[in-house]
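The chain contents come next:
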Amino acid sequence: MGAALRQPETGEPAELSRQADFAMYMAKQGGKGRYQRFDAEGYDRMAQRAALRADLATAVPRRQLQLEYQPVAELRTGEIVGVEALVRWNHPTLGLLQPGEFIPLAEETGDIEAIGRWVLSTASRQAARWRTAMSQCGNLWVSINLSSLQLPSPRNLAAIESILRDPASQADKIVLEVTETALASSVDGGITALNRLKSFGVRIAIDDFGTGYSSLSTLADLPADILKIDRSFLAGDDTDGLSAALLEGILGLAQKLNLDAIAEGIEDPAQLALLRGLGCRLGQGYLLSRPGPARAIEALLAADARLQPPPEGQA
Ligand code: C2E
Ligand code: MG
Ligand code: MG
């Protein structure tokens, strides 16, 4: 049973009946023999989600997606060696949405395939333009996040392959980032797919490493080239205690497996000093540079900037 109470803002009687109907629907979802009162907030959330789902389908054709790029730097010198492409959705009424607000939804609706293809082709062409335009960027690589749902779909895999096959993409300077959890959920298919993609010359990075559940033995079997160490390993207060020991362990593991390591989420000078001390070669984070639109990153690249922490107190 669902119930709704007339409020001062309730309009025509039909609205009250729709609210009661919605409450009944929620009650039914909760199981048998239940009743529920209309919950305006829950209703708004669901209506917004439904609207967002519908809008998502046209986000690519309406050119509402945009990319930001976050530099990845050599920690010793501050030289920018790569950039990670991060997608944003410039929604016509809600403004700029972060990936956390729409990627999970896009995975549900299937729009992730179109979004993923757009990100891959846009980011790889942008990086290729930077390489041609600026001699100091000749080796700049670009990292692209793949959703776990992009790998198992043969149709989508073929679409990714056709982008990589295009010489304009310069596949040998592309890094594809996948999470451990993504691989774990589609183990065999995922690994076969990654191996196929690697044949185009791309490198594979394991994103957010250390937060998933992959065992160390699986790691050795993954066709990975790079470990991206999740920022939770830097987030602890005791940078010289447990986190340092864990970081050292992961860096040692990467070295043994012949993988490059990138530390994610470097936010303060102490973290940078710790990573440098442990011999971690590459990193990214707000301290070095926040993600920015192409023209802002282009300015950094054009100036051949060295990303160094700002003087103490200004971070
Ligand atoms: P990720 O791939 O691990 O990306 C790093 C995230 O950490 C980015 O958030 C970035 O802005 C943020 N970040 C960078 N440096 C720092 C720092 O120093 N401190 C903190 N606290 N955060 C930092 P963003 O852009 O919101 O992206 C979130 C996640 O969304 C990404 O995590 C990635 O998993 C996903 N994502 C982003 N773009 C795409 C895409 O094109 N396709 C897919 N499938 N997923 C994407
Ligand atoms: Mg990533
Ligand atoms: Mg990450």
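Worth saying up front: this structure is predicted, and the values here are computed from it rather than measured. (Residues numbered from 1 in each chain as written. Chains lettered and ligands numbered in written order. Predicted model: local features only at pLDDT ≥ 70, side-chain atom pairs only at ≥ 80, totals over all residues. Heavy atoms only, no water.)

## Some thoughts on the overall build of the protein chain
Looking only at helices and strands, the protein chain has twelve helices and twelve strands in total. Each of the three principal axes of the protein chain carries a C-alpha extent, and together these read 70 × 50 × 40 Å. Split into buried and exposed, the 315 residues of the protein chain put 43% on the buried side. By sequence separation, contacts in the protein chain at least 24 residues apart represent 64% of the contacts at least 6 residues apart. Counting only carbon and sulfur atoms, one obtains 51% of the accessible surface of the protein chain, whose full area is about 16300 Å². Looking at charge distribution, the protein chain has the averaged site of its 31 positive side-chain charges lying 6 Å from that of its 39 negative ones. (Helix = DSSP H or I, 4+ residues; strand = E, 2+ residues; numbered from the N terminus. Buried < 20%, exposed > 50% of the residue type's maximum accessible area, 1.4 Å probe, protein only. Contact = heavy atoms within 4.5 Å. Areas by Shrake-Rupley, 256 points an atom, 1.4 Å probe, with all protein chains shown as cover. Lys, Arg positive; Asp, Glu negative; His and termini not counted. Charge placed at Lys NZ, Arg CZ, Asp CG, Glu CD.)

## Let's talk about the coordination of the magnesium ion (ligand 3)
Around the magnesium ion (ligand 3), the donor atoms from the protein are D207 (OD), D208 (OD), E264 (OE) and E264 (OE), and they sit 2.0 to 2.6 Å away. Taken in chain order, the donor set of the magnesium ion (ligand 3) reads D-D-x55-E. A separation of 4.1 Å is found between the magnesium ion (ligand 3) and the magnesium ion (ligand 2), both of which receive a donor from D207. With D208 in strand β8 (residues 203-209) and E264 in the loop between β10 (260-263) and α11 (269-277), this pair connects stretches of sequence that are 56 residues apart. When its relative accessible area of 26% is taken as the criterion, D208 is described as partly exposed. On the basis of relative accessible area, E264 is assigned to the buried category, the value being 11%. (Donors = N, O, S within 2.8 Å, 3.2 Å for Na, K, Ca; no water.)

## Considering the pattern of salt bridges
For the coordinates displayed, the defined rule picks out 13 salt bridges. With a shortest N-O distance of 2.8 Å, D166 and R125 are connected by a salt bridge. Separated by 41 residues along the polypeptide, D166 in the loop between α5 (154-165) and β7 (174-179) and R125 in helix α4 (residues 112-133) bring together distant segments of the chain. The class for R125 is partly exposed, based on a relative accessible area of 37%. Three or more residues joined by partner-sharing salt bridges are found here, namely R49, R53 and E108. (Salt bridge = Lys/Arg side-chain N within 4 Å of Asp/Glu carboxyl O.)

## Focus on the coordination of the magnesium ion (ligand 2)
Only E84 (OE), N145 (OD1), E177 (OE) and D207 (OD) from the protein coordinate the magnesium ion (ligand 2), and they sit 2.0 to 2.2 Å from it. Going along the chain, you hit the donors of the magnesium ion (ligand 2) in the pattern E-x60-N-x31-E-x29-D. On the basis of relative accessible area, N145 is assigned to the partly exposed category, the value being 29%. The exposure class assigned to E177 is buried, which follows from its relative accessible area of 1%.

## Remarks on the packing of aromatic side chains
For the coordinates displayed, the defined rule picks out five aromatic pairs. The interplanar angle of 70 degrees and the centroid separation of 5.2 Å between the aromatic rings of Y69 and W130 together place this pair among those described as edge-to-face. Taken together, the positions of Y69 in strand β3 (residues 65-74) and W130 in helix α4 put the pair 61 residues apart, joining distant regions of the chain. Given a relative accessible area of 3%, Y69 falls into the buried group. Relative accessible area serves as the criterion here: at 2%, W130 is assigned to the buried category. Taking the centre distance of 5.6 Å and the plane angle of 75 degrees together, the rings of W89 and F102 count as edge-to-face. Taken together, the residues span a long stretch of sequence, with W89 in strand β4 (residues 80-91) and F102 in helix α3 (residues 99-109) at a distance of 13 residues. (Phe/Tyr/Trp six-rings, centres within 6.5 Å; stacked < 30°, edge-to-face > 60°.)

## Re the nonpolar core
Counting residues in each nonpolar core, the largest one holds 75 residues, and the members touching the most others are Y69, W130, I144, L151, L176, L197 and I266. Setting aside chain neighbours within four positions, we find I266 in contact with L75, L234, Q271, L272, L275, G283, Q284, G285, Y286, L287 and L288. Membership of the second largest hydrophobic core comes to eight residues, among which are V81, A205, I226 and L282. (Core = buried A, V, L, I, M, F, W, Y, C linked by side-chain atoms within 4.5 Å.)

## Some thoughts on helix α2 (residues 40-56)
Between its first and last C-alpha atoms α2 spans 24 Å; for 17 residues at 1.5 Å apiece the expected length is 24 Å, and the two agree. Residues G42, L52 and L56 constitute the buried set of α2. Viewed end-on, α2 has its buried residues packed into an arc of 90 degrees, placing them on one side of the element. Near the N-terminus of α2, the side chain that reaches the backbone nitrogen of E41, with its oxygen 3.2 Å away, is that of D39. (Expected span 1.5 Å × (residues − 1). Arc of directions from axis to C-beta. Polar contact = N/O pair within 3.5 Å; in protein donor to acceptor, adjacent residues only side chain to side chain.)

## So, the site of ligand 1
What surrounds ligand 1 is a group of 22 residues, the closest being R88, N145, D207, E267 and Y286. Contact distances for ligand 1 include 3.2 Å between a nitrogen atom and a backbone N or O atom of V87. Between an oxygen atom of ligand 1 and a side-chain N or O atom of N145, the distance comes to 2.8 Å. Notes on ligand 1: free accessible area 810 Å², of which the protein chains cover 82%. Going through the elements one at a time, β4, α3 and β8 are the ones with two or more residues in the shell around ligand 1. A per-class count over the shell around ligand 1 returns nine nonpolar, five polar and eight charged. (Near = heavy atom within 4 Å. Nonpolar A, V, L, I, M, F, W, Y, C, P; charged D, E, K, R; others polar.)

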